[in-house]
Amino acid sequence: VANPWLKAAYGFGQGFGRYVEVNCLGKGTRSVCDGRILNDQAKSLLLEHRDEKSLLYLHYMDVHHPYAANPRVPRVFRPRSGKYVYRNGLIPTLSPKDLEYTQALYDEGILYMDGLLADLLAFLEREGLDEDTTVVVTSDHGDEFHEHGGSGHGTTLYSELVNTFAVFWNKHRFPPGRIER
C-alpha cells in the first residue's frame, strides 16, 4: 500500500501473510507515492507465490493530491497558464484557469495510472500468470472540481465523490462488457 492512512499499525494488515507499506518520497502533503514502486513489489510477490492461491491488494496513490508532485507523470493536458490549487472544501475564489489547470493535472495522473495498470497486466501475460489471475480495479473516492463550489474530497457526499467504478479483468474468464448497475 502507498496510502499513509492504511498502516499495519492501524490494523489494516490483519489477515495478510505479508503487508508492505511503500514509503513515499518527500514529506507531508508534498509526498510522492509512485505506483512503479507498488508494481515492482507486486511483480516480486507474484513470482514468489506463482504456484499458490493468493490475494494481492495494491493501493496506489498516483491519482491523488498532490497531483503534480511525481515528475514521471506525463505533461500532456495542462494548459499554458494557471496554477495548481487544491483544498478539501469550498474555494469560492478559484479562477477558471486555475480550475482547468488543476483538472488537467488530475487527468494526467489518471493517464499515468493507466500506464501502471497496463504494465502490470503485460507482466501477468509475459509470466503466464494471466489465466488464473483476476484483476479488480476500483477507486475509494473521486474528487470534486468546483461542481458545487468545492474541491477535493472528504467534506461532501456528492456523486463525483461516491459514484466510483469497478473493473474486473480476466480475459480468459470474463467477456468484455459493461454493466451499469
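It should be noted that the structure appears before, not after, this text.
Residues numbered from 1 in each chain as written. Predicted model: local features only at pLDDT ≥ 70, side-chain atom pairs only at ≥ 80, totals over all residues. Heavy atoms only, no water.

## Let's talk about the overall build of the protein
Check the secondary structure of the protein and you find three helices and five strands. Overall, the protein shows an N-to-C arrangement of helices and strands of α-β-α-β-β-β-α-β. For the protein, the spread of C-alpha atoms along the three principal axes comes to 55 × 40 × 30 Å. Long-range contacts, defined here as pairs at least 24 residues apart, represent 63% of the contacts in the protein between residues at least 6 apart. Accessible surface, the protein: about 11800 Å² in total, of which carbon and sulfur atoms supply 54%. Of the charged side chains in the protein, 20 are positive and 24 negative; the average position of the first set lies 5 Å away from that of the second. (Helix = DSSP H or I, 4+ residues; strand = E, 2+ residues; numbered from the N terminus. Contact = heavy atoms within 4.5 Å. Areas by Shrake-Rupley, 256 points an atom, 1.4 Å probe, with all protein chains shown as cover. Lys, Arg positive; Asp, Glu negative; His and termini not counted. Charge placed at Lys NZ, Arg CZ, Asp CG, Glu CD.)

## As for helix H1 (residues 35-48)
The end-to-end C-alpha separation of H1 is 20 Å, in line with the 20 Å expected for 14 residues at 1.5 Å each. Within H1, the full set of buried residues consists of Gly35, Leu38, Asn39, Ala42, Lys43, Leu45 and Leu46. On its buried face, H1 is in contact with helix H2 (96-126). The residue sitting at the N-terminus of H1 and contributing the capping side-chain oxygen is Asp34; that oxygen lies 2.9 Å from the backbone nitrogen of Arg36. (Expected span 1.5 Å × (residues − 1). Buried < 20%, exposed > 50% of the residue type's maximum accessible area, 1.4 Å probe, protein only. Polar contact = N/O pair within 3.5 Å; in protein donor to acceptor, adjacent residues only side chain to side chain.)

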